[in-house]
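Geometric and topological summary
Here is how the chains run, residue by residue.
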Amino acid sequence: MGGLFGFLNYSNKDIKGLPDLTNALAEHSAVRGTDATGISFVSGGTIRIVKEAKAARNVDFKHPDNLKALTGHTRHSTQGSEKRNYNNHPFFGKCKNARFSLAHNGVLYNDDELKKKYKLPKTKIETDSYIAVQLLESQNKICFESIKYMAEKVEGSYSFSILDDRNNLYLVKGDSPISILHFTELKLYVYASTDEILY
């Protein structure tokens, strides 16, 4: 379980104060988890992931005002210790056409079955969520078809946020909540797990 948050800036302009928005979203998303907090964004054509085993109120995220997209996560641990930072979201993945990050809100219960069925490689990451990264990597591409493939294989509750290194942001809603606000004048979408977090 946890909270998802982030934004997509589709203007061709910098938006002043984006780090303030990121930190506010993270702090308000902490109602859904205080074990760890993380964000991912693209800088210089590379996916950057910053995450810590701390509540959002104890983290001060810094990033440029010229970001096009950001995805974040606050974690309530259900599987895999948050003290091992590799268990915390967002997770890094790579395919032939892109490198990406993925965050998950919910609980998946068929991850072990999928690992065996598709002979997916063993990893030190202990969370149920990481199976989503492995399924996307097995398709060797990030696109609507591979994301659909992943979402139809996993069982349980979920919403996913996926950001690739070309600033394409994908949101996948299953049984777990996700809400989106559109600021048309700014050309900015902002999302979080619940309306309460956004407002």
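Residues numbered from 1 in each chain as written. Predicted model: local features only at pLDDT ≥ 70, side-chain atom pairs only at ≥ 80, totals over all residues. Heavy atoms only, no water.

1. Here's the deal with the overall build of the protein chain
Spelled out, the test is: The helix count covers DSSP runs of H or I at least four residues long, the strand count covers runs of E at least two residues long, and both are numbered beginning at the N terminus. The atom set for the radius of gyration is the C-alpha atoms, and the globule formula is 2.2 Å times the number of residues raised to the power 0.38. Exposed residues in this analysis have more than 50% of their type's maximum accessible area, buried residues have under 20%, and partly exposed residues fall in between, with area computed by a 1.4 Å probe over protein chains only. Throughout, a contact is declared for two residues whenever any of their heavy atoms are within 4.5 Å. Surface accessibility in these figures is a Shrake-Rupley result with a 1.4 Å probe; residues are shielded only by whichever protein chains are displayed. Asp and Glu are treated as the negative residues and Lys and Arg as the positive ones, with His and the ends of the chain left uncounted. Charge coordinates come from a single atom per side chain, which is NZ of Lys, CZ of Arg, CG of Asp or CD of Glu.
The secondary structure content of the protein chain amounts to 5 helices and 10 strands. By the compact-globule yardstick of 16 Å for 199 residues, the protein chain fits well, its C-alpha radius of gyration being 16 Å. Summarising its shape, the C-alpha atoms of the protein chain cover approximately 45 × 35 × 30 Å along the three principal directions. Counting the 199 residues in the protein chain, one finds 53% classified as buried. Put simply, 65% of the contacts in the protein chain that link residues at least 6 apart link residues at least 24 apart. Accessible surface, the protein chain as shown: approximately 9,700 Å² in total, 49% of it carbon and sulfur. Taking the average place of the 27 positive charges on the side chains of the protein chain and the average place of its 23 negative ones, the gap between the two points comes to 7 Å.

2. Description of the packing of helix H3 (residues 130–139) against helix H4 (residues 144–153)
Quick reminder of the rule: Only the stretch in contact is used when fitting a helix axis, every axis being a line fitted to C-alpha atoms; angles between N-to-C directions are given from 0 to 180 degrees. Note on angle classes: values under 35 degrees are labelled roughly parallel, values over 145 roughly antiparallel, values of 65 to 115 roughly perpendicular, and the remainder oblique. What makes a crossing left-handed is the near helix being turned counterclockwise from the far one by less than a right angle; a clockwise turn instead makes it right-handed. Think of it as three bins: nonpolar holds Ala, Val, Leu, Ile, Met, Phe, Trp, Tyr, Cys and Pro, charged holds Asp, Glu, Lys and Arg, and polar takes everything else, Gly as well.
It is the contact of H3 with H4, at a shortest axis distance of 9 Å, that shows an interaxial angle of 140°. With respect to H4, the axis of H3 lies oblique. Like other packed secondary-structure pairs, H3 and H4 cross with a definite hand, here right-handed. Between H3 and H4, the residues in contact are Ala132, Leu135, Leu136, Ser138 and Gln139 and Ser146, Ile147, Tyr149, Met150 and Lys153, respectively. Class assignment of the residues belonging to the contact of H3 with H4 gives a composition of 6 nonpolar, 3 polar and 1 charged.

3. A few points about the nonpolar core
Quick note on the threshold: We define the nonpolar core as a collection of buried residues of types Ala, Val, Leu, Ile, Met, Phe, Trp, Tyr and Cys that are connected through side-chain atoms lying within 4.5 Å of one another.
By size, the foremost hydrophobic cluster in this structure holds 26 residues, and its most contacted members are Phe160 and Ile162. The set of elements that each furnish at least two residues to this core consists of strand E6 (99–108), H3, H4, strand E7 (156–164) and strand E8 (169–173). When residues of this core are assigned to their parent elements, the largest contribution, 6 residues, is made by H3. Leave out the neighbours within four places in its chain, and Ile162 touches Phe100, Ser101, Leu102, Leu136, Ile147, Met150, Asn168, Leu169, Tyr170 and Val172.

4. Let's talk about the sheet that holds E6
Convention followed: Should DSSP find at least two bridges between two strands, the strands are taken to pair.
If you walk across this open sheet you meet the 4 strands as E5-E6-E7-E8, and the pairing is antiparallel. Lying at the two open borders of the sheet, with one neighbouring strand each, are strand E5 (91–94) and E8. Pairs of neighbouring strands in the sheet enclose a mean axial angle of 25°, with direction left out of account. The pairing of E6 with E7 spans 9 bridges and is classified as antiparallel. By the bridge assignment for E7, Val107 is matched with Ser157. The strands touched by H3 are E5, E6 and E7; relative to E5, the strand with the most contacts, the crossing angle is about 10°.

5. A word on the sheet that holds strand E9 (residues 179–183)
In spatial order, the strands read E3-E2-E4-E1-E10-E9; together these 6 strands make up an open sheet with antiparallel pairing. The sheet terminates laterally at strand E3 (46–52) and E9, the two strands that pair on one side only. Each neighbouring strand pair of the sheet contributes to a mean axis angle of 10°, computed without reference to strand direction. Where E9 and strand E10 (residues 188–192) come together, 5 bridges link them in antiparallel fashion. Paired with His182 across the strands is Tyr189, a residue of E10. Against the sheet, helix H1 (residues 18–29) engages strand E1 (2–9), strand E2 (36–43), strand E4 (69–75) and E10, with an angle of about 160° to E1.

6. Focus on the pairing of E1
Extensive coverage of E1 is indicated by the burial of 7 of its 8 residues. The sheet contact formed by E1 and E10 spans 5 bridges and is antiparallel. Looking at the pairing, Phe5 lines up with Ala192 of E10.

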